[in-house]
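The lines below spell out each chain.
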Amino acid sequence: MDLYKTNKVYNDRFIYCVLFKYSMSRTLCPNCHRPEKACICAFTADIANEIQVVVLQHPSEVSHTKGTVALLAKSLRKCQVLVGESFDDEQEFLQVMAQYQLVLLYPSEQAHFLDEDVRIKLHNCQSNTQDGPHTQLTQYRLQVSIENKSKPLCLVILDATWKKAYRMFMLSTKLQQLPQVCLPDHLANAGQYHIRKVAKKNALSSLEASCYALAILEQDEQDCLPISPEHAGKYQPLLEKFQQFNQFQLSFRPEHKSLLRKLDDS
Ligand SMILES: [Zn+2]
């Protein structure tokens, strides 16, 4: 009997210890629900974006621990993440379509550089037949938004590799029908994102692309300085936090030192 008791105590303790240890190693941050070691809360900013953001995230991006979309979604007050590959029959996406005037940030062949002209057209949606051919073309491409001029703007971004983003675009007729914009070159090539191994032109993270596009779309008319990586209005704090976040992510990599050296040299 005594032996049984002792064993039982031992067993209970053993189980308790194992459970305790297990739960400790799996402790999740109550805020971002990530393991404590990978908590992103220190890198979030609180930004009252005026324009709603909807991130269409490819399912294969969800399991990636890089978490730039998580950081974006935690930092913007108006941000929704929808996971999927084709969105034509996606109920939540259809709801967003009914509620907002959508603009897709995607460098398709039809995409317009997001400049002041496009920004004004999207905001005012006023037809002006006196405009030159370029504006008329913009006008034509932005016809969808003109039809929906009473609805608030919503920026749609695709969170996927280039190949998968293309697939998402091709699979979703509704995305192809949206007015499409892309970032001007000086922003499109300003990526701070060094987590993905291949550094290439036009390889902005979803977070950076969203910040720059929002900064342009929400830019005050009094503000004459063009949006740049150093001048991104209220999105600047988030871009700076994102740089710190990248350094933090790199610190998890065994090869991070050599990578950092390379970045310093470039
Ligand atoms: Zn956290």
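Everything quoted here is computed from the prediction, not taken from an experiment.

A. A look at the overall build of the chain. Looking only at helices and strands, the chain features 13 helices and 6 strands. Counting every position in the chain, which comprises 266 residues, the buried fraction comes to 30%. Summarising the internal contacts of the chain: among those between residues at least 6 apart in sequence, 73% fall at separations of at least 24.

B. Layout of the environment of Lys241. Its place among the elements puts Lys241 in helix H12 (residues 236-250). As for Lys241 and Thr44, which are separated by 197 residues in sequence, their C-alpha atoms are 6.8 Å apart. If we skip the residues at most four places from it in the chain, Lys241 touches Phe43, Thr44 and Ala45.

C. The packing of helix H3 (residues 68-75) against helix H11 (residues 206-217), seen in detail. Interhelical geometry of H3 versus H11 gives an angle of 35 degrees and a closest axis separation of 8 Å. Residues Thr68, Val69, Leu71 and Leu72 of H3 touch H11, and the partners they reach there are Ser206, Leu207 and Ser210. Here the residues of the contact of H3 with H11 sort into 4 nonpolar, 3 polar and no charged.

D. Geometry of the environment of Leu171. Within the fold, Leu171 resides in helix H8 (residues 162-171). C-alpha of Leu171 to C-alpha of Glu85: the two residues are 86 residues apart in sequence and 7.5 Å apart in space. Discounting residues that sit within four places of it in the chain, Leu171 has contacts with Glu85 and Ser86.

E. Highlighting the packing of H11 against H12. Contact geometry for H11 and H12: axes closest at 10 Å, N-to-C directions at 165 degrees. In terms of orientation, H11 and H12 fall into the roughly antiparallel class. Crossing handedness for the pair H11 and H12: left-handed. Of H12, the residues touching H11 (which contributes Leu207, Glu208 and Cys211) are Leu238, Leu239 and Phe242.

F. Examining the pairing of strand E3 (residues 101-105) more closely. Among the 5 residues of E3, 5 are classified as buried, and the element is accordingly described as predominantly covered. With burial as the criterion, each face of E3 is covered, one bearing Gln101, Val103 and Leu105 and the other bearing Leu102 and Leu104. In terms of strand pairing, E3 meets strand E5 (residues 153-159) through 5 bridges, oriented parallel. Paired with Leu102 across the two strands is Cys154, which belongs to E5. When E3 meets strand E6 (residues 180-182), the two strands line up parallel, connected through 2 bridges. Among the inter-strand pairings, Leu104 is bridged to a residue of E6, identified as Gln180.

G. Fine view of the nonpolar core. Val103, Leu105, Leu155, Val156, Tyr212 and Ala213 are the most contacted members of the largest nonpolar core, which has 54 residues in total. It is H11 that contributes the most residues to this core, 9 residues altogether.

H. Examining unusual backbone geometry more closely. The phi dihedral of His33 falls on the positive side, at around 60 degrees, and the residue is not glycine. By secondary structure assignment, the location of His33 is in the loop between helix H1 (2-25) and strand E1 (52-57).

I. Fine view of the pairing of E1. Within E1, 6 of the 6 residues are buried, which leaves it mostly tucked inside the rest of the structure. Relative to E5, E1 is paired through 6 bridges, and the arrangement is parallel. Within E5, the residue paired with Leu56 across the bridge is Leu158. Here 5 bridges tie E1 to strand E2 (residues 79-83), and the two strands are oriented parallel to one another. Residue Leu56 lies in a different strand from E2, and its bridge partner there is Leu82.

J. Looking closely at the confidence of the model for the chain. Across the chain, the average pLDDT comes to 78, with 71% of residues at or above 70. Of all secondary-structure elements in the chain, the lowest mean pLDDT belongs to helix H6 (residues 133-141), at 44, while E1 reaches the highest, 97. When the criterion is pLDDT under 50, residues 195-199 qualifies, and its contacts beyond four places in sequence or with other chains add up to 4 contacts.

K. Inspection of the sheet that holds E1 at higher detail. Pairing within the open sheet is parallel, and its 6 strands lie in the order E2-E1-E5-E3-E6-E4. Two strands bound the open sheet, and with one partner strand each, they are E2 and strand E4 (112-113). Along the sheet face, H3 touches E1, E2 and E5 and points at about 145 degrees away from the line of E2.

L. The arrangement of helix H5 (residues 116-124) in detail. All buried positions along H5 are accounted for by Val118, Lys121 and Leu122. Across the axial projection of H5, the buried residues extend over an arc of 95 degrees, all falling on one side. Facing away from the buried side of H5, by more than 90 degrees, are the exposed residues Glu116 and Asn124.

What counts as what
- Residues numbered from 1 in each chain as written.
- Predicted model: local features only at pLDDT ≥ 70, side-chain atom pairs only at ≥ 80, totals over all residues.
- Helix = DSSP H or I, 4+ residues; strand = E, 2+ residues; numbered from the N terminus.
- Buried ≥ 20, exposed ≤ 12 C-beta atoms within 10 Å, placed from the backbone.
- Contact = placed C-beta atoms within 7 Å.
- Axes fitted to C-alpha atoms, helices over the stretch in contact; angles between N-to-C directions.
- Nonpolar A, V, L, I, M, F, W, Y, C, P; charged D, E, K, R; others polar.
- Parallel < 35°, antiparallel > 145°, perpendicular 65-115°, else oblique.
- Left-handed = near helix turned anticlockwise from the far one by under 90°.
- Pairing = 2+ DSSP bridges.
- Core = buried A, V, L, I, M, F, W, Y, C linked by C-beta atoms within 7 Å.
- pLDDT = per-residue confidence, 0-100.
- Arc of directions from axis to C-beta.

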